[in-house]
Amino acid sequence: MKYFGISFLDKFHCSKGVCPKTCCKGWQILVDAKTMEKIEQEPADRRKTLLRNIKGQKTDSPQIRKRLGSCPYHTGEGLCGLQQEGRTDLMPRVCREYPRRTISYEAFAEIALELACPEVARLFLEEKEPLSMLPWQKEEREILWKIGNEDLPFLEFLQELRQTMVDEAQTQERFDVALLYRQYRCFDAMHEHLMRDKRAEANAVLDAYRNRCQESRRVGEQEDLDAGAPRQMLFFPMDLVDKVIAHQLDLPNLAVNNAYLKKCIRLYYRLCNGKTAEEAGAFFEKIWQEMEEEMPGTYDKYRKYYIYYLYEMLLCVYEDYHLLKTILLGNMYLELYMVMDAIAGWIVRSIK
């Protein structure tokens, strides 16, 4: 099988015991069938000890039995005991592979890195080269997800679509909501045709959009962009973002799993309490502009996140054809990231 990896994949090395947020705490770790089979082949005493740390053994989703919120193999040095023993084959597959995210699309597989890992997040923020998917010809990777559809022309369509949108996002002079809306309108038009099984019409929309992008780059024009106007970033209104934060992000156990994020959300409530959606939107637009002035590259950081999402998630549409759902979720993730980044910036500036 051919492999492609995100461009900074080879730079990743686990920070192990010095990681500021270990992946051995707070997660529900499922034990895959192959690992369970491997455990069953161990000598009786060893097998008994290993199985004692697994609950739900007779269910379809056995998982590691945590102790005080941590994996029982998590050592005082912040390392995995099984890894220290050289028995990575007894670790659940997700532990062996994380933060790598390998997805098979039948003819090839792509390897991305999960931004939830602090070391990956650091590499992502420090990466200076444009993001891309590059051929990767090292050792075989364990496939975490297999996405199959037996519709290879559609997969090729998605690859072309992704490259078109990534190219535009990377070459646009500035990243803002005008770009997001322009690409959204294209995704929306294609989604409508796909839902009606009008593949030729969807291809025609992509061809027209790609031609427009090429022509704009050739003549140096940017549609819907007034270079003298203040940059606007909000795709969704703040009242919708507020609901997502309150009902999907601010979960009961957040203070335990991510104390800093909980702190940011509490400050978000305090700063936005009493504001209308329009006032809150203007408030954050002002913060982003100030952050860009103080830390040039803030907007490009958001551009890079959007591109990374396209690389990581767009081909997953191959499974269910729900193109619009995937794009809207990505835009919401981007907006949540920007809002929490603004709040974190507010905290840092208040300390100074």
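As a starting point, this report considers the structure included with it.

Here is what the cut-offs are and how they apply
Residues numbered from 1 in each chain as written. Predicted model: local features only at pLDDT ≥ 70, side-chain atom pairs only at ≥ 80, totals over all residues. Heavy atoms only, no water. Helix = DSSP H or I, 4+ residues; strand = E, 2+ residues; numbered from the N terminus. Contact = heavy atoms within 4.5 Å. Pairing = 2+ DSSP bridges. Axes fitted to C-alpha atoms, helices over the stretch in contact; angles between N-to-C directions. Expected span 1.5 Å × (residues − 1). Buried < 20%, exposed > 50% of the residue type's maximum accessible area, 1.4 Å probe, protein only. Patch = residues over 30% accessible without salt bridge, like charges linked within 9 Å, V, L, I, M, F, W, Y side chains within 5 Å. Areas by Shrake-Rupley, 256 points an atom, 1.4 Å probe, with all protein chains shown as cover. Salt bridge = Lys/Arg side-chain N within 4 Å of Asp/Glu carboxyl O. Lys, Arg positive; Asp, Glu negative; His and termini not counted. Charge placed at Lys NZ, Arg CZ, Asp CG, Glu CD. Parallel < 35°, antiparallel > 145°, perpendicular 65-115°, else oblique. Left-handed = near helix turned anticlockwise from the far one by under 90°. Nonpolar A, V, L, I, M, F, W, Y, C, P; charged D, E, K, R; others polar. Core = buried A, V, L, I, M, F, W, Y, C linked by side-chain atoms within 4.5 Å. Phe/Tyr/Trp six-rings, centres within 6.5 Å; stacked < 30°, edge-to-face > 60°. 1 Å grid on protein atoms, 1.4 Å probe; cavity = no way out; pocket = protein on both sides within 12 Å on 5 of 7 lines; lining within 4 Å. Points joined across faces, edges and corners; volume = space filled by probe spheres on them.

Remarks on the side chain of N331
Counting through the fold element by element, N331 comes out in helix α15 (residues 323-351). Residues contacting N331, with those up to four places away along its chain left out, are L180, F235, F236 and Y306.

Quick notes on the sheet that holds strand β7 (residues 145-146)
If you walk across this open sheet you meet the five strands as β6-β1-β5-β4-β7, and the pairing is mixed. Each having just a single partner strand, β6 (133-136) and β7 make up the two edges of the open sheet. Running over the sheet, helix α13 (residues 298-313) touches β1 (2-6), β4 (100-104), β5 (108-113) and β6 and is turned about 145° from β5.

Let's talk about helix α11 (residues 259-272)
With 14 residues, α11 extends 20 Å from end C-alpha to end C-alpha; this agrees with the ideal 20 Å at 1.5 Å per step. Among the residues of α11, L261, K262, C264, I265, L267, Y268, L271 and C272 are the ones counted as buried. Immediately downstream of α11, the backbone of G274 shows phi near 90°, a positive value.

Digging into unusual backbone geometry
Put simply, Y98 and P99 share a cis peptide bond, and its omega is 5°. Looking at the secondary structure, you find P99 in the loop between α4 (93-97) and β4. If you check the backbone angles, E106 has positive phi at about 70° while not being a glycine. Relative to the elements of secondary structure, E106 occurs in the loop between β4 and β5. Residue E106 is classed as partly exposed on the basis of its relative accessible area of 35%. The phi dihedral of D197 falls on the positive side, at around 60°, and the residue is not glycine. Within the secondary structure, D197 is located in the loop between α7 (177-195) and α8 (199-219).

Digging into a negative patch on the surface
Taken together, the side chains of D239, D242, E278 and E279 define an acidic patch exposed on the protein surface. Tracing the sequence through the fold places D242 in helix α9 (residues 238-249). Taking the relative accessible area as the measure of exposure, D242 reaches 31% and is therefore partly exposed.

Examining the packing of helix α5 (residues 118-126) against α13
Where α5 contacts α13, the two axes come as close as 10 Å, and the packing angle between them is 120°. It follows from the interaxial angle that α5 and α13 lie oblique. In terms of crossing hand, the pair formed by α5 and α13 is right-handed. Within the contact between the two elements, α5 uses F124, L125 and E126 and α13 uses K301, K304, Y305 and Y308. Counted by class, the contact of α5 with α13 contains four nonpolar, no polar and three charged residues.

Thoughts on the pairing of β1
Summarising the sheet, β1 and β5 pair through four bridges and their orientation is parallel. Its bridge partner being in β5, F4 is matched across the sheet by E110.

Remarks on the nonpolar core
Across soluble globular proteins, nonpolar side chains show a tendency to be buried alongside one another. Counting residues in each nonpolar core, the largest one holds 89 residues, and the members touching the most others are L161, F284 and W288. Looking at this core, the element that brings in the most residues is α15, giving 13 residues. Every residue in contact with L161, bar those within four places of it in the chain, is listed here: F187, M190, L206, L314 and L323. C24, I54, C80 and M91 belong to the second largest nonpolar core, which has 15 residues in total.

Focus on the packing of aromatic side chains
All chains considered together, the criterion is met by 20 aromatic pairs. Between F154 and Y321, the ring centres sit 4.5 Å apart and the planes meet at 25°, which makes this aromatic pair stacked. Here F154, found in helix α6 (residues 152-171), pairs with Y321, found in the loop between α14 (317-320) and α15; they are 167 residues apart in sequence, far enough to count as distant. Overall, F154 belongs to the buried group, its relative accessible area being 0%.

A closer look at the layout of surface pockets
By volume, the second largest pocket is sized at about 260 Å³. In terms of lining residues, the second largest pocket is bounded by L125, E126, E127, K128, E129, P130, L131, Q170, D300, R303, K304 and I307. Mapped by element, the contributors of at least two residues to the lining of the second largest pocket are α5 and α13. It is α13 that contributes the most residues to the lining of the second largest pocket, four residues altogether. In terms of residue class, the lining of the second largest pocket is built from four nonpolar, one polar and seven charged.

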